[in-house]
Amino acid sequence: MIHTFALLLPVVGYVGPGPGLTMLTALIGLLATLAIALGAIAIWPIRMLLRKLRNGRNQTTVADQASH
């Protein structure tokens, strides 16, 4: 069994820049997607608060205009 390992030659492999750039692009796309998703989740309560404030102000102005 020892002589079998002695006959093995080292395997030399070369991977060009193509697969590396493809993997890097996919990783950047994944990170961008996660950042956008987390940003949307973080901003959601602020948007709802602004919408409630805006709708509340519009309802009072409509009621005030109807009374005049």
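For the structure, see preceding data.
The model shown is predicted, which means the values in this text are computed figures rather than measured ones.

For the rest of this paragraph, the subject is the overall build of the protein chain. Counting secondary structure elements, the protein chain contains 2 helices and 0 strands. When the 68 residues of the protein chain are sorted by exposure, 0% land in the buried category. Counting every atom, the protein chain has about 6,600 Å² of accessible surface; 75% of that belongs to carbon and sulfur.

Glancing now at a positive patch on the surface. A cluster of like positive charges, contributed by Arg47, Arg51, Arg54 and Arg57, occupies part of the molecular surface. Secondary-structure assignment places arginine 54 in helix H2 (residues 17–67).

Here we come to a nonpolar patch on the surface. Among the surface-exposed residues, Leu21, Leu24, Leu27, Ile28, Leu30, Leu31 and Leu34 lie close enough to one another that they form a single nonpolar patch of about 680 Å² accessible area. Summarising the element assignment, leucine 30 is placed in helix H2.

Criteria and thresholds
Residues numbered from 1 in each chain as written. Predicted model: local features only at pLDDT ≥ 70, side-chain atom pairs only at ≥ 80, totals over all residues. Heavy atoms only, no water. Helix = DSSP H or I, 4+ residues; strand = E, 2+ residues; numbered from the N terminus. Buried < 20%, exposed > 50% of the residue type's maximum accessible area, 1.4 Å probe, protein only. Areas by Shrake-Rupley, 256 points an atom, 1.4 Å probe, with all protein chains shown as cover. Patch = residues over 30% accessible without salt bridge, like charges linked within 9 Å, V, L, I, M, F, W, Y side chains within 5 Å. Salt bridge = Lys/Arg side-chain N within 4 Å of Asp/Glu carboxyl O. Lys, Arg positive; Asp, Glu negative; His and termini not counted. Charge placed at Lys NZ, Arg CZ, Asp CG, Glu CD.

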